[in-house]
Amino acid sequence: MNEAPKLNSFKAGPDEEGRFGIFGGRFVAETLMPLILDLQDEWNKAKSDPTFKADLEKLGAHYIGRPSPLYFAERLTAELGGAKIYFKREELNHTGSHKINNCIGQILLAKRMGKTRIIAETGAGQHGVASATVAARFGLPCVVYMGATDVERQAPNVFRMKLLGAEVKPVTAGSGTLKDAMNEALRDWVTNVDSTYYLIGTAAGPHPYPEMVRDFQSVIGQEAKEQILAAEGRLPDLVIAAVGGGSNAIGIFHPFLDDEGVKIVGVEAGGKGLDGDEHCASITAGSPGVLHGNRTYLLQDGDGQIKEGHSISAGLDYPGIGPEHAWLNDVGRVEYVPIMDHEALEAFQTLTRLEGIIPALEPSHALAEVIKRAPKMGKDEIILMNLSGRGDKDIFTVGKILGMGQ
Amino acid sequence: MTARMEKRFADVAAEGRPVLVTYFMGGDPDFDTSFAIMKALPKAGADVIELGMPFSDPMADGPAIQLAGQRSLKGGQTLVKTLELARLFRGEDQHTPIVLMGYYNPIYIYGVDRFLTDALEAGIDGLIVVDLPPEMDDELCIPALKRNINFIRLATPTTDDRRLPKVLENTSGFVYYVSMTGITGSALPDPSLIAGAVERIKSHTELPVCVGFGVKTAEHARAIGASADGVVVGTAIVNQIASSLTEEGRATDATVPGVEALVKGLSVGVRAARLAAAE
């Protein structure tokens, strides 16, 4: 790794060019470059502006419902017979996932920049719903690009976006999932640079998005750290989150990166297994490449063409990953592991029945890894998992697979 | 600047007309047909060839070029084969400059050094890589310039006077002015606005300025060519190819002649450009 950040910290990145080691950067068309530089300026100003911080905190408390609770999953812990399991309950946020944390932050920036139109891409629809929500709250028109396949399998979220006044544009190119939606959003942005703010939902894309989204989502880890200290008087032994693009994961990981005793695990979508092409494990089964404005781990063939991933969860169905995760993998700070569709599905049912919480299929992947690890850990050890979204949007998908007829 | 590119621009300027730059997607719809198209281009009046390298995620391209890329990839095109197209062409034509155009990832995966070596050997004169702005010059631009391959940069309506020097700094061969903020194949804006933009760029550089994105007809070529040093036509050619294919996307007897006829018409347009400007 050239130019690793200060050796005593894993939190120093990115550098001025937006790089985390070899990852990150600004690989975009010239049309977008001036805009990205403007955004970076505005973001730097906002970071040190007390008014911006105050607005963010006020909306966080009264609109999103922060802080989200830290919940000790007593019955799940007893059932697994090992480490104590805590959930950071981001699924209780307004709109039902962690996505709103980032959307509130970015729409405040869009307003500062004088933009009059919001565009967003969405996979599972959680980011689309959160974008449509903040657009309604701030009175801006919003267009959400969503893969046609996802429009079909995440119908409840499509209705929500439409009710919120957003225009949902189905994208049929490629396999009609998140990657294709992002291409189409970038085409819209290139065409409407003057008026439009692109509200990226994950900690990926050209600099400064990965850093900015991480900072907006880090509230998850900051709160969790205080909450676990209050509850247990010490830090957790293990922090786990699911990783698609990686925004909920980087949000909970980042505040713990320099805490040596805390092991950190990111869970990728193993789909139907890593042997074929039907998975989305960019780090475990991919290689470094350049897509959507950054260098990161990608699923690609020997000619550098991007492959279509697969996951039961539309939110993890992306053939790349945020550049900071790519770097954290290479420097060995975070371990990334795959979880298969069927394991996530089992975990989904376990949590629903044991704790009365219906998780989204995305954090169900993290949960499946918790279920594997907790029994092997001591009863005095602590696991902190990011329960990043609720599963209301997934009940039809799951019901169909489980053969629960109408 | 490669001697071939410099000579071609100088020769055409001496004829008192703008350069006609023609784009097509390598391997669309198959290797042999696209080789035949490539050979037909200079014969029909094209001065410079832009050879498209297909990419699965062409973020700056409109539907026509997206589909061309998909046809090409489906037909088994790879970067190795695109370089092979250039090499074969160079065996028959030593004078027409070839510019490779596409996205960075296939080049990055191929390996930058290996790519530059093979591109030189295949007779490539320049590169246009859409997702490498000046901020990323260390990736490919600087290594290419060291090997004497032109790195042609896009300037756009959002490239203001403050930014223009940075964009032009390591640009060589020619400057490609993108006529509007948008994707390839959009509608052409008012030629008088373009003329102003071309003048603005020319006040910062000695390089020729070619204008593209939205040029579809001989009349467009004539109007744009009145102020610019060159006119780039891409989507119109790609559309012409698409319209000649069978339902399954295979080439027909009309594919190559269709491109030839279109480019001949465009060539008439650029040849009328300066006459029009003089009127």
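Please refer to the structure placed before this passage.
To keep things clear, this report deals only with the structure shown in the data block. All figures in this text were calculated on a predicted structure; none of them were measured in a lab.

## A short note on the overall build of chain B
The secondary structure content of chain B amounts to 12 helices and 9 strands. Judged by the C-alpha coordinates and their principal axes, chain B covers about 45 × 40 × 35 Å. Buried residues in chain B amount to 59% of all 279 residues. For chain B, the accessible surface area stands at approximately 10,100 Å², while carbon and sulfur atoms represent 54% of it. Here chain B carries 26 positive and 35 negative side-chain charges, and the mean point of each set is 2 Å from the other.

## Considerations on the state of the cysteines
Under the criterion given, the structure shown has 0 disulfides over all chains. Here C142(A) stays free of any disulfide, with the sulfur of C103(A) as its closest cysteine sulfur at 8.7 Å.

## Digging into the interface of chain A and chain B
Across the boundary between the two partners, chain A contributes 36 residues, which contact 35 residues of chain B. Of the roughly 2,900 Å² buried between chain A and chain B on both sides combined, carbon and sulfur atoms contribute 53%. Across the contact surface, chain A and chain B share 3 salt bridges. Between R295(A) and E139(B) there is a salt bridge, and its shortest N-O distance comes to 2.5 Å. Counting only elements with at least two residues in the side of chain A that touches chain B, the list comes to β2 (23-27), α1 (33-47), α8 (178-191), β11 (287-291) and β12 (293-298) of chain A. Element by element, the count of residues in the side of chain A that touches chain B is highest for α8(A), at 7 residues.

## Let's talk about the sheet that holds strand β6 (residues 142-147) of chain A
Residues and elements named next belong to chain A. In spatial order, the strands read β7-β6-β5-β8; together these 4 strands make up an open sheet with parallel pairing. Every other strand in the sheet has two partners, leaving β7 (167-171) and β8 (196-198) as the edge strands with one partner each. Shown here is a sheet whose adjacent strand axes are inclined to one another by a mean of 25°, direction ignored. Of the strand pairs in this sheet, β6 and β7 are connected by 5 bridges, and their pairing is parallel. By the bridge assignment, M146 is partnered in β7 with P170. Packing of helix α5 (residues 126-138) onto the sheet brings it into contact with β5 (117-122) and β6, and relative to β5 it is tilted by some 165°.

## Considering helix α15 (residues 361-373) of chain A
Residues and elements named next belong to chain A. The first and last C-alpha atoms of α15 sit 19 Å apart over 13 residues, in line with the 18 Å expected at 1.5 Å per residue. Across the 13 residues of α15, 11 count as buried, placing the element largely inside the fold. Among the residues of α15, L361, E362, P363, S364, H365, A366, L367, A368, E369, V370 and R373 are the ones counted as buried.

## A few points about the packing of aromatic side chains
For the coordinates displayed, the defined rule picks out 14 aromatic pairs over all chains. Linked through ring pairs, F27(A), Y104(B) and Y108(B) together constitute an aromatic cluster. The side chain of R137(A) reaches across the aromatic face of Y63(A), ending 5.9 Å from its centre. R114(B) extends its terminal NZ or CZ atom over the ring of Y110(B), reaching a point 3.7 Å from the ring centre.

## Observations regarding a nonpolar patch on the surface
Taken together, the side chains of I358(A), I395(A) and F396(A) make up a nonpolar region of the molecular surface, amounting to roughly 280 Å² of accessible area. Within the secondary structure, I358(A) is located in the loop between α14 (341-355) and α15.

## Section: the sheet that holds strand β5 (residues 150-151) of chain B
Residues and elements named next belong to chain B. One open sheet accounts for 9 strands, arranged β5-β4-β3-β2-β1-β9-β8-β7-β6; its pairing is parallel. The open sheet has two edge strands, β5 and β6 (154-155), and neither has a second partner. Of the pairings in the sheet, the one linking strand β1 (residues 19-25) to strand β2 (residues 48-52) comprises 5 bridges and is parallel in character. Counterpart to T22 in the pairing with β2 is I49.

## Some remarks on α1(A)
Residue and element names in this part refer to chain A. Between its first and last C-alpha atoms α1 spans 21 Å; for 15 residues at 1.5 Å apiece the expected length is 21 Å, and the two agree. Among the residues of α1, those classed as buried are M33, P34, L35, I36, L39, Q40, E42, W43 and A46. Tucked inside the fold, the buried residues of α1 contact β2, α2 (50-64), α4 (99-112), α8, β8 and α9 (209-217).

What counts and how
- Residues numbered from 1 in each chain as written.
- Chains lettered and ligands numbered in written order.
- Predicted model: local features only at pLDDT ≥ 70, side-chain atom pairs only at ≥ 80, totals over all residues.
- Heavy atoms only, no water.
- Helix = DSSP H or I, 4+ residues; strand = E, 2+ residues; numbered from the N terminus.
- Buried < 20%, exposed > 50% of the residue type's maximum accessible area, 1.4 Å probe, protein only.
- Areas by Shrake-Rupley, 256 points an atom, 1.4 Å probe, with all protein chains shown as cover.
- Lys, Arg positive; Asp, Glu negative; His and termini not counted.
- Charge placed at Lys NZ, Arg CZ, Asp CG, Glu CD.
- Disulfide = S-S within 2.5 Å.
- Contact = heavy atoms within 4.5 Å.
- Buried area = accessible area lost by both parts, 1.4 Å probe.
- Salt bridge = Lys/Arg side-chain N within 4 Å of Asp/Glu carboxyl O.
- Pairing = 2+ DSSP bridges.
- Axes fitted to C-alpha atoms, helices over the stretch in contact; angles between N-to-C directions.
- Expected span 1.5 Å × (residues − 1).
- Phe/Tyr/Trp six-rings, centres within 6.5 Å; stacked < 30°, edge-to-face > 60°.
- Lys NZ or Arg CZ within 6 Å of the ring centre and 35° of its normal.
- Patch = residues over 30% accessible without salt bridge, like charges linked within 9 Å, V, L, I, M, F, W, Y side chains within 5 Å.

Shape descriptors only; they carry no functional weight alone.
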